[in-house]
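Observations on the model geometry
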Amino acid sequence: MKRYQVIFIVSSMGVDDKSLKLSTCGVSHQESSISLHAYSDLTNVSPVVFLYLLKECYVHGTCKATAKFFALQHQVHQALYNMPGPAVFVARCLYLLPIFESHCEGFSHLMLAALRRFLKTGTTAPEDLLEAKLLATQLFIIAVRGNKLHDDRILVKILEVFNIKFTDIKEVLFHSELKNDTSTKAFIEEYISKLLESQSYMAAVTLLEQLSISHSRESFLHTMLESREYRAAEKWATFMGRPMLCALIREYVDRKLVKQAYELIKKNQLREEFPEVYQMGKESSLKKLAEKGCWDIAEMRAKSDSKLLEYLVYLAMEAGYSEKVDELCDRYSLKGFMMAKEAEASLPRIRYLHRDELAIDDIIWVDESVGLHEATCHIEGSKVIGLDCEWKPNYVKGGNNKVSIMQIASEKTVFIIDLIKLSHDAPAALDSCLIRIFHSPRILKLGYNFQCDMKQLAQSYKEFDCFKHFEMLLDIQNIFKEPRGGLSGLTKEVLGVGLDKTRRNSNWEERPLTRNQLEYAALDAAVLIHIFHHVSSQSQSTTNDHTQMEWKSHIISHGGNIANTKSKVNGKKCSTDIE
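Here is a short report on the structure shown in this document.

What counts as what
Residues numbered from 1 in each chain as written. Predicted model: local features only at pLDDT ≥ 70, side-chain atom pairs only at ≥ 80, totals over all residues. Heavy atoms only, no water. Helix = DSSP H or I, 4+ residues; strand = E, 2+ residues; numbered from the N terminus. Contact = heavy atoms within 4.5 Å. Areas by Shrake-Rupley, 256 points an atom, 1.4 Å probe, with all protein chains shown as cover. Phe/Tyr/Trp six-rings, centres within 6.5 Å; stacked < 30°, edge-to-face > 60°. Buried < 20%, exposed > 50% of the residue type's maximum accessible area, 1.4 Å probe, protein only. Lys NZ or Arg CZ within 6 Å of the ring centre and 35° of its normal. Core = buried A, V, L, I, M, F, W, Y, C linked by side-chain atoms within 4.5 Å. Pairing = 2+ DSSP bridges. Axes fitted to C-alpha atoms, helices over the stretch in contact; angles between N-to-C directions. Disulfide = S-S within 2.5 Å.

Next up on the list: the overall build of the chain. What the chain contains, in helices and strands, is 28 helices and 7 strands. Excluding contacts between residues fewer than 6 apart, the proportion of contacts in the chain whose partners are at least 24 apart in sequence is 70%. Accessible surface, the chain: about 29000 Å² in total, of which carbon and sulfur atoms supply 51%.

See the structure below:
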């Protein structure tokens, strides 16, 4: 149907001129008119006209398909309130949608999603629901018999949305040529077999669950696991009950899928049946948190379990995080770890980069204006500096902690600036000194995903001009095209030894910082200079002019609008949330 024909048909119905906009779809005024007629009054609009109008709105929208889908779904949902039989209307639309070919699947999902949402909040007459269920059941049977009106996912969703049960299918079949229970079961089982042959496991499981059909053989579970259909296997096991859930957990353990087993145990309260697996899952979770440096979260999750606390101490010892070992032992009176220092010495250690290997002569703490001016003068005499920042992690989504310290490294000295104290005691001096550094076109400033840090700085200290733009910033991350495990991974690849990240998420607002915290902070800034020297020396040794200039092309000579910067997060979270 051509577009002018659609407009003519709808305009002849005498529909009002109220405006309904799909603003997120970017449709034109004329297309808004089509949307208006389709959705403002459906009492006189047939399903086929409605679907043609829906297609017009979708085809001529200019935004992304997902945005169009949700905008139109919302309009269809609202339209269902304006008709006498919304469920029957949607069922009739489903009969017609196959003629729309490439739009059939998407529009079927859209109509079913809109009806599902409507049925949760809206009201409709019982006779509308009964007639719609009958129509939908007939459509399902026609499709299963071989008239491929819809794909399997749509057919299963039709069963769910219209709440079609085994007895509904049986009744419809009874009034056709098949009139006994065996035929009904055979009809469903044959369709399920086709789903399994095509490896549509989730559709098969949803169908069995919707129709309350047991299929208790564990071989079905094995088949899904072999195909790595874990979601389908868990849905099926949950439907079948506790024995099948236990069988699935045992399968997970045999396949060394501890995380999946642990989550299933926790979700279904099966800790008593699998105490060892549950403990393994908890320990695995703690280990991952420790590897990310999220010690506070790990402690919060372990503090009610003495065995987990002991395991956390072991992880801290293994990581060489001696102050965390002492802190945990003191806080929870872990007597068995009084000899922790001796035990720690016997553990295998991963070697990390040390300050001596970077030739760092001094790490200078700066928290008053005189020291700040001296540091600024020293930094202004450098051609290249390394920059990094630290702030206290947030464990509540939406929280926002201020950047606590900034590390600025020259060739042999690292200055650690206490931003919290100086912003309170000497804000003008802090702003002035950092402007001299950040806004200087003579100093090449190196960072690793530092635009993220700048964004956090701008949000933390909105009244400061020094963080609003910067000159001559080279983000080391951008020189290396592929992810390399963050700054530590990159350092290991370039210099042969990685960085110790155990203190990454420690409390950077505590004063004084520990010696280990200061060294950790200093290394993150100083190592950037050494990576840069490696890159620049390699480019100078090659005869390819393009290669020699490649790293220079990544220098940002002038940057602004920091608060609106969308930064990559390969090596560092731009958000302060830790979920």
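Moving on from the model shown.
Turning to the packing of aromatic side chains, a few remarks are in order. Two numbers describe a pair of aromatic rings. These are the distance of the centres and the angle of the planes. Under the definition given, this model contains 17 aromatic pairs. Centre to centre, the rings of Trp236 and Phe239 are 5.5 Å apart; their planes meet at 45 degrees, and the pair counts as tilted. Of the two residues, Trp236 and Phe239 both sit in helix H13 (residues 230-240), 3 residues apart, roughly one turn of that helix. According to the relative accessible area criterion, Phe239 is partly exposed, its value standing at 28%. For the ring pair Trp295 and Tyr321, a centre distance of 5.4 Å and an interplane angle of 80 degrees mean the geometry is edge-to-face. Here the residue Trp295 occupies a position in helix H17 (residues 295-302), and Tyr321 occupies one in the loop between helix H18 (306-318) and helix H19 (322-332), the gap between them amounting to 26 residues. Relative accessible area serves as the criterion here: at 4%, Trp295 is assigned to the buried category. Using a relative accessible area of 5% as the deciding quantity, one classes Tyr321 as buried. By way of ring pairs, the aromatic residues Phe438, Tyr461, Phe464 and Phe467 are connected into one cluster. One residue, Lys68, lies across the ring of Tyr58, its end atom 4.6 Å from the ring centre.

All right, on to the nonpolar core then. Core analysis: the largest hydrophobic core is formed by 85 residues, its most contacted members being Phe140, Ile158 and Phe162. Leu353, Ala409, Leu487 and Ala526 belong to the second-largest nonpolar core, a separate cluster that totals 34 residues.

Its location among the elements puts Leu490 in helix H26 (residues 486-495). Counting along the chain gives 13 residues from Leu490 to Gln477, while the straight-line C-alpha distance between them is 8.6 Å.

Turning next to the pairing of strand E3 (residues 403-409). Buried residues dominate E3, accounting for 7 of its 7 residues. Strand direction decides the pairing type here: strand E2 (residues 384-391) and E3, joined by 6 bridges, are antiparallel. By the bridge assignment, Glu390 is partnered in E3 with Ile405. One ladder, built from 5 bridges, connects E3 with strand E4 (residues 413-418); its direction is antiparallel. From the neighbouring strand, Ile405 faces E4, where its bridge partner is Asp418.

What follows covers the sheet that holds strand E6 (residues 473-475). An order of E1-E4-E3-E2-E5-E6-E7 is seen for the 7 strands of this open sheet, with the pairing classed as mixed. In the strand order of this sheet, the two ends are held by strand E1 (362-366) and strand E7 (555-556), each with one partner. Relative to E4, E1 runs parallel, the two sharing 5 bridges. From the neighbouring strand, Ile364 faces E4, where its bridge partner is Phe415. Here helix H24 (residues 450-460) sits on the sheet in contact with E2, E3, strand E5 (444-447), E6 and E7, set at roughly 55 degrees to E2.

What follows covers the state of the cysteines. The tally for this structure, following the rule as stated, stands at 0 disulfides. Not part of a disulfide, Cys377 finds its nearest cysteine sulfur in Cys433, a span of 7.7 Å. Between Cys389, a free cysteine, and Cys452, which holds the nearest cysteine sulfur, the sulfur-to-sulfur gap is 9.4 Å. According to the relative accessible area criterion, Cys389 is buried, its value standing at 1%.

What follows is about H26. Because an α-helix completes one turn every 3.6 residues, residues spaced three or four positions apart along the sequence face the same direction. Of all the positions in H26, only Gly486, Leu487, Ser488, Leu490, Thr491 and Val494 are classed as buried. Immediately downstream of H26, the backbone of Gly496 shows phi near 90 degrees, a positive value.

For Glu380, the location among the structural elements is in helix H21 (residues 369-380). For Glu380 and Arg436, which are 56 residues apart along the polypeptide, the C-alpha to C-alpha distance reads 7.8 Å. Discounting residues that sit within four places of it in the chain, Glu380 has contacts with Arg436, Arg442 and Ile443.

With that out of the way, let us pick up the pairing of E4. Buried residues dominate E4, accounting for 6 of its 6 residues. In E4, alternate side chains face the same way, and those of Thr413, Phe415 and Ile417 on one face and Val414, Ile416 and Asp418 on the other are all buried. Taken together, E3 and the strand that follows it, E4, pair antiparallel across an intervening segment of 3 residues.

The next thing to look at is unusual backbone geometry. Between Arg511 and Pro512 the backbone carries a cis peptide bond, its omega angle lying at 0 degrees. Among the structural elements, Pro512 can be located in the loop between H26 and helix H27 (515-541). Phi angles above zero are rare outside glycine, and Asn163 is one such case at about 55 degrees. Along the chain, Asn163 falls in the loop between helix H8 (152-161) and helix H9 (166-174). Residue Ser333 is not a glycine yet carries a positive backbone phi of 50 degrees. Looking at where Ser333 falls in the secondary structure, it is placed in the loop between H19 and helix H20 (340-346).

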